Amino acid sequence: MAERFYAQGTVFIFDLDKTLYSEESGLLAYLDQRINDYLVNALGIRRESVDEVRKRWVEEYGTTLRGAQVNCGIDPLDYIAYTHDIEIRKFLSADEELLRILKALPGIKVVFSNSPRGHADGVIDALGLTGVFERIYTIEFCEYEGKPARRAYERVLADLGVPATHCVMIEDTARNLVIPHEMGMTTVLLSKDRLQRHDHVDYVVAELRELLEIGRWSAAS
Ligand SMILES: [Mg+2]
């Protein structure tokens, strides 16, 4: 297992939500609404406090799910079943340009998401990207403690059997790139604000197609 992907060169690790599809799709806004409803209906949090509670939990625990587990002892499967009861194809359709870009990247591609597996599979299927990713790591794989917890990245790297220095992590959330940078991965932030700078971000791209223009990927193979 170890070294299996190593020989094939670079491993591109893609976040899923807001990385493989845009906010404009409306999918995340809908998902957000489902999460808010869960907090109100299942946990009894007042509607007017939901935004503040979620913000606090994300800051403290990394994700709303983790915060709800630690503070309210919820069953993650309950949370997922409620919040991800979504017809993804209403929001996303096949993205041939993205398929072309991913196929053109010289290396292994994987997904590493804090979303549940059903959601990740649904998104990948709706985007027409089935079969593109060698591995799809989701919140279940991380035992519900996802990014930015160090343990989550360690699990993924151990499963891939490659050194961090051969990995490129692509994310829309800057703080999820802090640990990858510390571990030695190349970090790419997807952001419309191309001028933003972070010590832990190697490249800022406004669109995924710019990945093809970063000419150093072959150096790791
Ligand atoms: Mg994201």
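Residues numbered from 1 in each chain as written. Predicted model: local features only at pLDDT ≥ 70, side-chain atom pairs only at ≥ 80, totals over all residues.

**As for the overall build of the protein**
Check the secondary structure of the protein and you find eight helices and six strands. Listing each helix as α and each strand as β along the protein from the N terminus yields β-α-α-α-α-α-β-α-β-α-β-α-β-β. For a compact globule of 221 residues, the expected C-alpha radius of gyration is about 17 Å, and the protein comes in at 17 Å, within 12% of that figure. For the protein, the spread of C-alpha atoms along the three principal axes comes to 55 × 40 × 35 Å. Per-residue burial for the protein yields a buried fraction of 32% across its 221 residues. A sequence separation of at least 24 residues applies to 64% of the contacts in the protein between residues at least 6 apart. (Helix = DSSP H or I, 4+ residues; strand = E, 2+ residues; numbered from the N terminus. Rg over C-alpha atoms; globule rule 2.2 N^0.38 Å. Buried ≥ 20, exposed ≤ 12 C-beta atoms within 10 Å, placed from the backbone. Contact = placed C-beta atoms within 7 Å.)

**Looking at the nonpolar core**
In this structure, Ile 13 and Val 123 are the most contacted members of the largest nonpolar core, which totals 47 residues. Of the residues that make up this core, three or more belong to each of domain 1 (6–21 + 92–220) and domain 2 (27–88). Non-local contacts of Val 123, meaning those with residues more than four positions away in its chain, are made with Leu 16, Leu 20, Tyr 21, Ile 88 and Leu 92. (Core = buried A, V, L, I, M, F, W, Y, C linked by C-beta atoms within 7 Å. Domains from an automatic or database assignment.)

**Description of the domain arrangement of the protein**
Looking at the assigned domains, one finds that the protein contains domain 1 (6–21 + 92–220) and domain 2 (27–88). Summarising the inter-unit geometry, the C-alpha centres of domain 1 and domain 2 are found 24 Å apart. Counting from both sides, the interface comprises 18 residues of domain 1 and, opposite them, eleven residues of domain 2. For the side of domain 1 that touches domain 2, the class distribution of residues is nine nonpolar, five polar and four charged. (Nonpolar A, V, L, I, M, F, W, Y, C, P; charged D, E, K, R; others polar.)

**Here we look at the pairing of strand 2 (residues 108–112)**
With respect to burial, strand 2 is a largely interior element, four of its five residues being buried. Across four bridges, strand 1 (residues 11–14) lies against strand 2 in parallel orientation. Within the sheet, the bridge partner assigned to Ile 13 lies in strand 2 and is Val 110. In this sheet, strand 3 (residues 135–137) lies alongside strand 2 in parallel orientation, the contact comprising three bridges. Of the residues in strand 3, the one forming a bridge with Val 111 is Ile 136. Handedness of the crossover joining strand 2 and strand 3 through helix 6 (residues 117–126): right-handed. (Pairing = 2+ DSSP bridges. Right-handed = clockwise from strand over helix to strand, strands pointing away.)

**Quick notes on helix 6**
The complete set of buried residues in helix 6 reads His 119, Ala 120, Gly 122, Val 123, Ile 124 and Ala 126. Along its buried surface, helix 6 packs onto strand 2 and strand 3. One or two positions beyond helix 6, positive phi appears at Gly 128, with a value near 75 degrees.

**Thoughts on helix 2 (residues 50–61)**
Taking 1.5 Å of rise per residue, the twelve residues of helix 2 would be expected to cover 16 Å, and the 16 Å separating its terminal C-alpha atoms lies within 8% of that figure. Within two residues after helix 2, Gly 62 carries a phi angle of roughly 95 degrees, on the positive side. (Expected span 1.5 Å × (residues − 1).)

**Notes on unusual backbone geometry**
Cis geometry marks the peptide bond from Lys 147 to Pro 148; its omega dihedral reads 5 degrees. Considering the arrangement of structural elements, one finds Pro 148 in the loop between strand 3 and helix 7 (150–160). In this structure, Lys 18 is a non-glycine residue whose phi angle is positive, near 70 degrees. Positionally, Lys 18 belongs in the loop between strand 1 and helix 1 (27–41). Of note, Tyr 144 is a non-glycine position whose phi angle comes to about 70 degrees, a positive value. Secondary-structure assignment places Tyr 144 in the loop between strand 3 and helix 7. Look at Tyr 144 and you get partly exposed, because 18 C-beta atoms sit within 10 Å.

**A closer look at the sheet that holds strand 3**
Spatial strand order, 3-2-1-4-5-6: six strands in an open sheet with parallel pairing. The sheet is open, and its two edges are formed by strand 3 and strand 6 (203–205), each paired on a single side. Going across the sheet, the axis of each strand differs from the next one's by a mean of 20 degrees, ignoring polarity. Alignment of strand 4 (residues 167–171) against strand 5 (residues 186–190), held across four bridges, turns out to be parallel. Residue pairing in the sheet places Met 169 in a bridge with Thr 187 of strand 5. (Axes fitted to C-alpha atoms, helices over the stretch in contact; angles between N-to-C directions.)

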